[in-house]
Amino acid sequence: MEESLVEESESGNACTDEAAPALIAVHPTESSVVVAVGSELRVFDLKEDCAVSPVDDLGGPHHSASIRAISFSFDGELFVSAGDDKIVKIWKTGSWNCIHTIQSEKRVSAVSISQDSGYVTFADKFGVVWIMSLKEDRDTKAVPILGHYCSIITSMKFSPDGRFIATADRDHKIRITVFPRNALKGAHEIQSFCLGHTDFVSCLTFVCTQDQSKGFLLSGGGDLTVRLWDYSNGTLLYTCALGNEAGILEASEIEENNKTAVTDICASSNGSLIAVAVQSYNGVMLLSCDFSARTLSCVKKVPMEKSYIPTSLALVSSKEHLWTVMGASNLSSSDLSNNKEQLLTRVRIVSFIQKDFSDACSRDPVLLEDSQVPGGEKLLMQLQGSLDAATQEAAFAAAAAAVRTSLQNMMIKKQYSVERRELRKRNRNDKKIKS
Amino acid sequence: MSSARLPRKRFYRARAHSNPLSDSHFPVPNCPSEVDYSFHYPYFFPKDAPPAPKPKVRFADVGCGFGGMLVSLSPLFPDTLMIGMELRDKAFLLLLFLSLSLSLFINYAEYFISFTRSAHQVTEYVKDRIQGLRATNPGQYNNISVVRTNSMKYIPNYFEKGQLLKMFFLFPDPHFKEKNHRRRVVSVQLLDEYAYVMEVGGIIYTVTDVEELGDWMKSCLEKHPLFEAVGEEEIKKDPVVKLLTSATEEGQKVARNEGQTFMAIYRRVASKED
């Protein structure tokens, strides 16, 4: 079966077959929310209650291929988007005007803005992290600061205190690097490696104790675990296996396809609420972190409609909403009405009655109906591209399958038989050119 | 039993190059604590030992080839555990034969059957050899071993922070073409990882017979904030330095052809930040 998978991906054109998952990001004060799907950025201003279209007065190119990574800066002033078209765009969130367009040599897999908003970092497909200063003049160039040797970087996050930059890759590794004062000279001092995942690492998020005296890192990956790390020394503190533990994921929820991964994780900064999206679960799982015992526990599952498998999550610590989105870059609503080709996504929001997440047990998550969402129909129209997205069950099921296959193809190392490997060696591109 | 002769290298011609960028097909430990060093160094990990602090590998020869350096270093530092890391499978195979440890070999036997078509014949041959070697060199070479791995990708999977005292990069593949420079085993980015596994004060030794690569390695080390050149005097006094060119097969070849070698020897220093 594995062999057939390899054959498929070789015969098809990998670039066009890839389905990029839809992404969601929320402004730190929840004043705006962004969904990225395909090459589109869909912005909704919650304060003004209106849809916004980002503009580039500088005349830079717009995104022309799937956006793979988006992020707000810590203060919410800036927003960054990047992806397969090898450009990184930095936006001012007040006006949604593009202030920088950076050309990357390779496709971009992760982006982040430093804690003081002084730098933007982006990781390319070769595992190199580049940095550009946002303080200086427009013409500064991006320079490499660190590298994961030839491994796709899947997630990149700054620690809340700004002292470290964490990068996760498909080779099971998480690297914690000291973020130096003069970052343009490179980040050479590795604080620790967090090693323990037995498959690719897909997502990272920082959390810290209430008094902010001690920080921790959470990671999720292809081994269907969420792990808690002391990132100062790389110690694995706790592994929360979502697959085999009864009551977290039912057998029926994981066995349909034996390979299933954690796709996204987000947490309130004090760790009392951790939301996890898993490829085979239609909904989100809520975990909670006990810092004194250094454990994670599954608090609740929030099931959603059958084919709704979130591809991205966003949470703002001070607010009561967990934002989730589902969609893929190849999912269009062509069978709806034959106007223009519109990429379809679905947004669902989980609301928490209690405004603070301090009391984990009595928290009561409620899945908001479309009529209850903040911003109402206008927001759904802007972010989803359609109001009746909920009815497109078949399309979403196809999207979930496409996103999963595409992730597997990107992350899983292909295992070839000896004969096949020899054949591949003989047909290498550089040899073809010679003959 | 056959006479105790070392396996001869010419029967195990290794490929000159191996692509460090490709996905690996050999097992990789998930983290350093997962590596079972007791089967690499059975003499240093006696079965009835108290749960005292376990000895750690302190020297690493990256791209050790046929292991000449390790074999020379072994009697000089008999109490220091050293490991060779080699990516090319055939070189690794011969190394196993040289490693003189029957238990090690048996542990690996199943694993490298996949590499060798005539595994059974080889096994018989090597068993004889190792028994012969053990008889002629009792108690020696217990502190050296090898792993087959891609050290450009998996160094942190084998070593903890600050574990290594010495790292060797002897006659690495020059990768002349510019587009292949990222395959070079010494680069500023990879030095980050080497610095991480090295103790402050540890020494990194590089040598090559290719001037261009020599300049490259030197400039990478010079640029790196966590490395500092070792002084001339100290280099002269270091007994290891002489071995760099005399102990390795590549070094001997260069000497035979009266070629030049280019060394760069640097010390791991503490970060100057803060």
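Per an unreviewed UniProt entry, chain B goes by the name tRNA (guanine-N(7)-)-methyltransferase and belongs to Carex littledalei. Within the UniProt record for chain B, the comment given under Sequence similarities (unreviewed entry) is "Belongs to the class I-like SAM-binding methyltransferase superfamily. TrmB family." In its Subcellular location (unreviewed entry) section, UniProt records this for chain B: "Nucleus".

Chain A has the name tRNA (guanine-N(7)-)-methyltransferase non-catalytic subunit in an unreviewed UniProt entry, where Carex littledalei is given as its organism. In its Subcellular location (unreviewed entry) section, the UniProt record describing chain A reads: "Nucleus". According to the UniProt record, the Pathway (unreviewed entry) comment for chain A reads "tRNA modification; N(7)-methylguanine-tRNA biosynthesis."

> Requested: an account of the sheet that holds strand E8 (residues 97-103) of chain A, with residues and values cited.
Residue and element names in this part refer to chain A. The four strands are arranged E5-E6-E7-E8 in an open sheet whose pairing can be described as antiparallel. Each of the sheet's edge strands pairs with one partner strand only, and the pair in question is strand E5 (67-72) and E8. Averaged over all adjacent pairs, the angle separating strand axes in this sheet is 15°, with direction ignored. Two strands pair when backbone bridges link them, and E5 and strand E6 (residues 78-83) are joined in this way by five bridges, in the antiparallel orientation. Bridged to Ala 69 within E6 is Ala 82.

> Which residues make up the side chain of B:Lys166, and what are the values?
Residues and elements named next belong to chain B. Looking at where Lys 166 falls in the secondary structure, it is placed in strand E4 (residues 164-170). Here the side chain of Lys 166 touches Tyr 205 through a polar contact of 3.1 Å, side chain to side chain. Excluding anything up to four places from it in sequence, Lys 166 contacts Arg 58, Phe 59, Ala 60, Phe 77, Ile 203, Tyr 205, Asp 238 and Val 240.

> Go over the packing of aromatic side chains, please, and point to the residues and values.
Taken as a whole and assessed by the stated rule, the structure comprises 14 aromatic pairs over all chains. Taking 4.9 Å as the distance between ring centres and 90° as the angle between the ring planes, the aromatic pair formed by A:Phe158 and A:Phe179 counts as edge-to-face. One end of the pair, A:Phe158, is in strand E13 (residues 153-158); the other, A:Phe179, is in the loop between strand E15 (173-178) and strand E16 (190-195), and 21 residues separate them in sequence. Of the residues examined, A:Phe158 reaches a relative accessible area of 3% and is grouped as buried. Centroid distance B:Phe59 to B:Phe168: 6.4 Å. Interplanar angle 70°. Geometry classified as edge-to-face. Highlighted residues: B:Phe59 in strand E1 (residues 57-62) and B:Phe168 in strand E4, separated in sequence by 109 residues. Relative accessible area serves as the criterion here: at 3%, B:Phe59 is assigned to the buried category. The structure contains a cluster of three or more aromatic residues connected by ring pairs, namely B:Phe59, B:Phe77, B:Phe168 and B:Tyr205. Over the face of the ring belonging to A:Phe126 we find A:Lys106, whose NZ or CZ atom lies 4.4 Å from the ring centre.

Scoring rules and cut-offs
- Residues numbered from 1 in each chain as written.
- Chains lettered and ligands numbered in written order.
- Predicted model: local features only at pLDDT ≥ 70, side-chain atom pairs only at ≥ 80, totals over all residues.
- Heavy atoms only, no water.
- UniProt positions renumbered as here; feature names shortened; annotations may be inferred.
- Pairing = 2+ DSSP bridges.
- Helix = DSSP H or I, 4+ residues; strand = E, 2+ residues; numbered from the N terminus.
- Axes fitted to C-alpha atoms, helices over the stretch in contact; angles between N-to-C directions.
- Polar contact = N/O pair within 3.5 Å; in protein donor to acceptor, adjacent residues only side chain to side chain.
- Contact = heavy atoms within 4.5 Å.
- Phe/Tyr/Trp six-rings, centres within 6.5 Å; stacked < 30°, edge-to-face > 60°.
- Buried < 20%, exposed > 50% of the residue type's maximum accessible area, 1.4 Å probe, protein only.
- Lys NZ or Arg CZ within 6 Å of the ring centre and 35° of its normal.

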